[in-house]
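Listed below are the residues making up each chain.
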Amino acid sequence: QVQLVESGGGLVQAGGSLRLSCAAAGRILNINEYAWYCQTPGQQRELVAHITYGGSATYADSVKGRFTISRDNAKNTVYLQMNSLKPEDTAVYYCNIAGRIIGGDSFSSWGQGPRVTVSS
């Protein structure tokens, strides 16, 4: 009942930057938290960054100081600014947004996962 649409993936050289965005649409009552995960072939999905509705953010150690998560609550949108990219950042990046829909049920939806490729 809540769909997420991601944009911003692509190919970039090491040291470059990309910005991912993820917008939620549907019968949303409120959003509690937003997050970005990454996944490489044969590996489990890993948390990259998380931010609450109130703006409290946490990061995986591997991206601290390079990536910044932010959100626009009015637009139900989360962003991931990725700077100083490294080849090891190459992965599929999924957003996750959780909250409640109109009617009270909780939701936790995933984006389609744009691929980020960082060349050396």
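These figures come from a predicted structure and were not determined experimentally.

Colleague: I tried to follow the overall build of the protein on my own but got confused; where do I start?
Modeller: Of the regular secondary structure elements, the protein holds 0 helices and 11 strands. Secondary structure of the protein in N-to-C order comes out as β-β-β-β-β-β-β-β-β-β-β. The C-alpha atoms of the protein give a radius of gyration of 14 Å, which matches the 14 Å a tight globule of 120 residues would have. Seen through its C-alpha atoms, the protein measures out along the principal axes to roughly 50 × 25 × 20 Å. A buried classification covers 41% of the 120 residues belonging to the protein. At a minimum sequence separation of 6, the contacts of the protein that also span at least 24 residues come to 53%. For the protein, the computed accessible surface area is about 6,300 Å², with 46% contributed by carbon and sulfur atoms.

Colleague: Explanation requested: the nonpolar core in the structure shown.
Modeller: One broad rule of soluble globular proteins: the nonpolar side chains tend to lie buried together. By size, the foremost hydrophobic cluster in this structure holds 30 residues, and its most contacted members are W36, V48, V78, L80, M82, Y93 and I97. Mapped by element, the contributors of at least two residues to this core are β1 (2-7), β3 (18-26), β4 (28-39), β5 (46-52), β7 (67-72), β8 (77-82), β9 (91-101) and β11 (115-119).

Colleague: Explain the pairing of β3 to me, please; I cannot follow it from the model alone.
Modeller: Successive residues of a regular strand alternate their side chains across the two faces of the sheet. Where β1 meets β3, 6 bridges bridge the pair, whose relative direction is antiparallel. Bridge pairing in β3 places V5 opposite A23. Bridge analysis of β3 against β8 gives 6 bridges, and the strand direction is antiparallel. Note on β8: the bridge partner recorded for R19 is Q81.

Colleague: Hey, could you run me through the state of the cysteines in this one?
Modeller: Put plainly, two cysteines are in a disulfide when a covalent bond ties their sulfur atoms together. Going through the model one piece at a time under the given rule, you end up with 1 disulfide. Across a sulfur-sulfur distance of 1.9 Å, C22 and C95 are joined as a disulfide pair. When the S-S torsion is 55°, as for the bridge of C22 with C95, the disulfide is right-handed. A residue pair is termed long-range when its members are at least 10 positions apart, and C22 in strand β3 and C95 in strand β9 qualify at 73 residues. With respect to class, C22 is no different from C95; both count as buried.

Colleague: Can you help me understand the packing of aromatic side chains in this one?
Modeller: By convention here, two paired aromatic rings are described through the distance between centres and the angle between planes. For the structure shown, the criterion picks out 1 aromatic pair. A cation over an aromatic ring shows up here: R19 above the ring of Y79, its NZ or CZ 4.1 Å from the ring centre. Cation over ring: R45 sits above W110, and NZ or CZ is 4.6 Å from the ring centre.

Colleague: For this particular structure, what's the right way to read unusual backbone geometry?
Modeller: If you check the backbone angles, N76 has positive phi at about 55° while not being a glycine. Assignment of secondary structure puts N76 in the loop between β7 and β8. In the Ramachandran plot, S84 falls in the positive-phi region, its phi being about 50° despite a non-glycine side chain. In this fold, S84 is placed in the loop between β8 and β9. Judged by its relative accessible area of 41%, S84 is partly exposed.

Conventions adopted
Residues numbered from 1 in each chain as written. Predicted model: local features only at pLDDT ≥ 70, side-chain atom pairs only at ≥ 80, totals over all residues. Heavy atoms only, no water. Helix = DSSP H or I, 4+ residues; strand = E, 2+ residues; numbered from the N terminus. Rg over C-alpha atoms; globule rule 2.2 N^0.38 Å. Buried < 20%, exposed > 50% of the residue type's maximum accessible area, 1.4 Å probe, protein only. Contact = heavy atoms within 4.5 Å. Areas by Shrake-Rupley, 256 points an atom, 1.4 Å probe, with all protein chains shown as cover. Core = buried A, V, L, I, M, F, W, Y, C linked by side-chain atoms within 4.5 Å. Pairing = 2+ DSSP bridges. Disulfide = S-S within 2.5 Å. Phe/Tyr/Trp six-rings, centres within 6.5 Å; stacked < 30°, edge-to-face > 60°. Lys NZ or Arg CZ within 6 Å of the ring centre and 35° of its normal.

In short, the description is geometric, and any link to function would need to be established separately.
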